[in-house]
Amino acid sequence: MKLINSVWKYRGFIVGSVKRDFQFKYQNSLLGILWIILQPLSMILVYTLIFSQLMHAKFPGSTSSMTYSIYLCSGILAWGLFSEITTRSTNTFIDNANILKKITFPRICLPIIVLLNAGLNFFIIFGLFTIFLLVSGNFPGISYLAVIPLLIILASFAIGLGISFGVLNVFFRDFGQFFSIFLQLWFWLTPIVYLKSILPDWVQTWIAYNPMEPLISCFQQVIAGQVWPNWATLLYPLSIAVIACSIAAILFSRHIGDMMDEL
Amino acid sequence: MNSLIVSGLSKAYKQYASRWARLAEWVMPGRKVHHHLHWVLQDVSFTLKPGEAMGVVGINGAGKSTLLKMIAGTIQPTLGEIRVNGRLAALLELGMGFHPDFTGRENAMMAGQLLGHTSKEMRQVIPEILEFAEIGEYIDQPVRVYSSGMQMRLAFSVATAFRPDVLVVDEALSVGDAYFQHKSFERIRQYRALGTTLLIVSHDKAAIQSICDRAILINGGHLVHEGKPEDVMNYYNALLADKGRHEIEFNQASSGQTQVISGTGGASLERVRLLNSERQAVEVIGVGQAVELEVKVRINQDLPELVMGYLVKDRLGQDIFGTNTHHLNQTLYNLSKGEELTYTIKFPANLGVGSYSVAIALHSTGNHIANNYEWRELAVIFSVMNMQYPEFLGSSWLNPVLQITR
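The rules behind the values
- Residues numbered from 1 in each chain as written.
- Chains lettered and ligands numbered in written order.
- Predicted model: local features only at pLDDT ≥ 70, side-chain atom pairs only at ≥ 80, totals over all residues.
- Contact = placed C-beta atoms within 7 Å.
- Helix = DSSP H or I, 4+ residues; strand = E, 2+ residues; numbered from the N terminus.
- Nonpolar A, V, L, I, M, F, W, Y, C, P; charged D, E, K, R; others polar.
- pLDDT = per-residue confidence, 0-100.
- Domains from an automatic or database assignment.
- Buried ≥ 20, exposed ≤ 12 C-beta atoms within 10 Å, placed from the backbone.
- Core = buried A, V, L, I, M, F, W, Y, C linked by C-beta atoms within 7 Å.
- Axes fitted to C-alpha atoms, helices over the stretch in contact; angles between N-to-C directions.
- Parallel < 35°, antiparallel > 145°, perpendicular 65-115°, else oblique.
- Left-handed = near helix turned anticlockwise from the far one by under 90°.
- Pairing = 2+ DSSP bridges.

What is the right way to look at the interface of chain B and chain A in this model?
Interfaces are often sized by the accessible area lost when the parts come together. On the chain A side, the residues contacting the 26 residues of chain B number 22 residues. For the side of chain B that touches chain A, the secondary-structure elements that each account for two or more residues are β1 (4-16), α1 (19-27) and α3 (104-114) of chain B. Among the elements that line the side of chain B that touches chain A, the one with the most residues is α3(B), at 5 residues. Along the lines of polarity and charge, the residues of the side of chain B that touches chain A split into 11 nonpolar, 9 polar and 6 charged.

Sorry if this is basic, but what is going on with the confidence of the model for chain A here?
Atomic detail in the predicted coordinates should be set aside for any region of low pLDDT. Per-residue pLDDT for chain A averages 86, and the proportion of residues at 70 or more is 94%. The least confident element of chain A, judged by mean pLDDT, is helix α3 (residues 34-56) of chain A at 75; the most confident is helix α7 (residues 147-171) of chain A at 94.

Looking at this structure, I do not really get the domain arrangement of chain B. What am I missing?
Residues and elements named next belong to chain B. By domain assignment, chain B separates into domain 1 (4-87 + 164-233) and domain 2 (263-385). Distance from the C-alpha centre of domain 1 to the C-alpha centre of domain 2: 37 Å. A per-class count over the side of domain 1 that touches domain 2 returns 2 nonpolar, 1 polar and 1 charged.

In this structure, what is going on with the environment of A:I99? I would like to understand it.
In this structure, A:I99 sits in helix α5 (residues 97-102). Judged by local crowding, A:I99 falls into the buried class, with 20 C-beta atoms found within 10 Å. Excluding anything up to four places from it in sequence, A:I99 contacts B:G97 and B:L114.

Before we go on, may I ask you to explain unusual backbone geometry in this structure?
Outside of glycine, negative phi angles account for most residues, and trans bonds account for most peptide bonds. Residue and element names in this part refer to chain B. Even without being glycine, E134 reaches a positive phi, approximately 55 degrees. With respect to the secondary-structure elements, E134 resides in the loop between α4 (119-133) and α5 (148-159). C-beta crowding within 10 Å serves as the criterion here: with 15 such atoms nearby, E134 is assigned to the partly exposed category. The backbone of N334 sits at a positive phi, close to 50 degrees, despite the residue not being glycine. As for its position among the elements, N334 is in strand β15 (residues 332-335).

Would you take a moment to explain the nonpolar core for this structure?
Side chains of a nonpolar character, in soluble globular proteins, are inclined to be buried together. Grouped together as the largest cluster of nonpolar side chains are 127 residues, with contacts concentrated most on B:V56, B:V168 and B:L199. Broken down by element, this core gets its largest block of residues, 13 residues, from helix α4 (residues 67-95) of chain A.

What exactly am I supposed to notice about the packing of α4(A) against α7(A) here?
When two helices pack together, their arrangement is given by the angle between the helix axes and by the axis-to-axis distance. Residue and element names in this part refer to chain A. With their axes 7 Å apart at the nearest point, α4 and α7 run at an angle of 25 degrees to one another. On the basis of their axis angle, the class for α4 and α7 is roughly parallel. The two elements α4 and α7 cross, and the hand of that crossing is right-handed. Residues A78, L81, F82, I85, T86, S89, T90, N91, T92, F93 and I94 of α4 touch α7, and the partners they reach there are L154, A155, A158, I159, L161, G162, I163, F165, G166, N169 and V170. Broken down by class, the residue content of the contact of α4 with α7 amounts to 14 nonpolar, 8 polar and no charged.

Please explain the environment of B:V291 as it appears in this structure.
Residues and elements named next belong to chain B. Its location among the elements puts V291 in strand β12 (residues 290-299). A count of 21 C-beta atoms within 10 Å places V291 in the buried class. On a C-alpha basis, the gap between V291 and L130 in space is 46 Å, while along the polypeptide they are 161 residues apart. Every residue in contact with V291, bar those within four places of it in the chain, is listed here: L274, L275, N276, I285, F347 and A349.

I would appreciate a short explanation of the pairing of strand β17 (residues 354-363) of chain B in the present structure.
All names here are of chain B. Across 8 bridges, the pairing between strand β13 (residues 303-314) and β17 is antiparallel. Bridge pairing links V307 to H363 in β17. Here 9 bridges tie β17 to strand β18 (residues 372-385), and the two strands are oriented antiparallel to one another. Across the sheet, G354 pairs through a bridge with V384, a residue of β18.

Looking at this structure, how should I read the pairing of β13(B)?
Within a regular strand, the side chains alternate between the two sheet faces. Residue and element names in this part refer to chain B. Strand direction decides the pairing type here: β13 and β15, joined by 3 bridges, are antiparallel. Across the sheet, the residue bridging to L303 is L335, located in β15. Strand direction decides the pairing type here: β13 and strand β14 (residues 319-324), joined by 5 bridges, are antiparallel. When the bridges of β14 are listed, Y310 appears paired with T323.

This is the structure:
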């Protein structure tokens, strides 16, 4: 409660920082905000060009030629949010050492800023994607609302993981290095670019332990498959998210004091 | 009601033999401790009332900044407690963590928000901040193009935009020019009159003595002296002198090249003091005050002759005045081992306001090139303040007698 209170008191700083980060990223560029879209767009184009022929046949009953692109988009955008939150919170304490050392403020503001910033970027691009779905006649309808609980689970998992790594990274810089490599592997260990069904059976059983798999798969079901997600499969990522957040809370509260000595 | 209570404050850093030791401590079962504590501050206690100002002095690395950081809340104390009644604003080091790529205006907004002000409040005071900081058109330039003085001015203006109940300042003010120092001390004085408690770290004797009611001396992580600023400053200077001696000894041992004949230690300085007319040691004197330089010398071996020279330098090390006993026709001859003697040089301190040091040399004959028994820089450090004369510039008081004919 006290935490929420103090964070509320510093809302000016949080909102201001999100605004400044956003502006800063784009104000010195010619194309400005366009870069938010261009970056994932290029990725999607590359994958579509390379994989669509390979994957097309694998979509049972697919009528639209865009099905693979939409499948890809839903996965990549969701993964993009996850990777932005985790990567940036892993480094947020180190990057902000300068102000941490000089000014007292609730330290938890920093990951909150990361979360809001990533959320903002996501909403811009996901909003455009939604418009695209509406215009191209691929909008899933009411089941689109399932995106909201999915995002909540994804974001809590990401921030829990991000804060844990962020705290560890202050003491052992290896965690930051490790995580950036691990994230790349993780991306390919999650069926985003490819379909789960193309994997051999033994890999599929192992991949079930990846908490991102059911999450991303639900996004794909909702947006590309246009059906309600299989809620039961979310139980596993949800519990992992709760565990990640608890570990984050323990690490954060226990080591925040020593953290300032290390920065 | 006290505005700041510090009790039993201690800080230790955990030191691990290696990164792996820390990891082991974190993950290994059992509560085995793999670190040892390195204490940088131990058992510091004091209490400040509203409107009180306290200076913190001490040599570099004594633990002053650690103390202030704990009070400001950026690092956590290992032991002890800090109670602050009201809002605390701190100026630690330079620049309040300004982001180099954001403009001064953006940084001022952000710093204000970091101090817990809302955006609305900040928008209201921004014009005032800009006016006080006198950054001019630079305000919409990125902070990376600012001079350190400009950054400091902006930081000070933001930190003091709203009157805090406790203001903590860590040497930040020494960066500004004299004009801004004056202006910021004026603001601090105003706030004090309204009840703001001030805690300031400074090496500037005049600042401490003019603004503080009390001072504490931190040495080696302990609070070693507390009292009136003058007393504490004197105590501090004694410490400094002690430190200076070690350095000199080191110099002599290592730089044999330039002082080939020196190091004989044929005579040594026992004590060098600046005394007032009541023969009390002083660190701060007034312009024109009659003072005495007392130099105690011990003769360590039989010497055919001895000349003592002294040189007063300003804080930039420029020569202000120097002479020796040879020029004053008082060279001593045939000194025997074990003898002790005291030179007393009386002179009026017709010096400008500022900080000065005295270098002392013991040698034979009129110039240094001959036997150099001991030579010590910074044998005495003192400040000159103008207490009774009209204001003037420069390093000397050239007693003006004004006459106007019209």
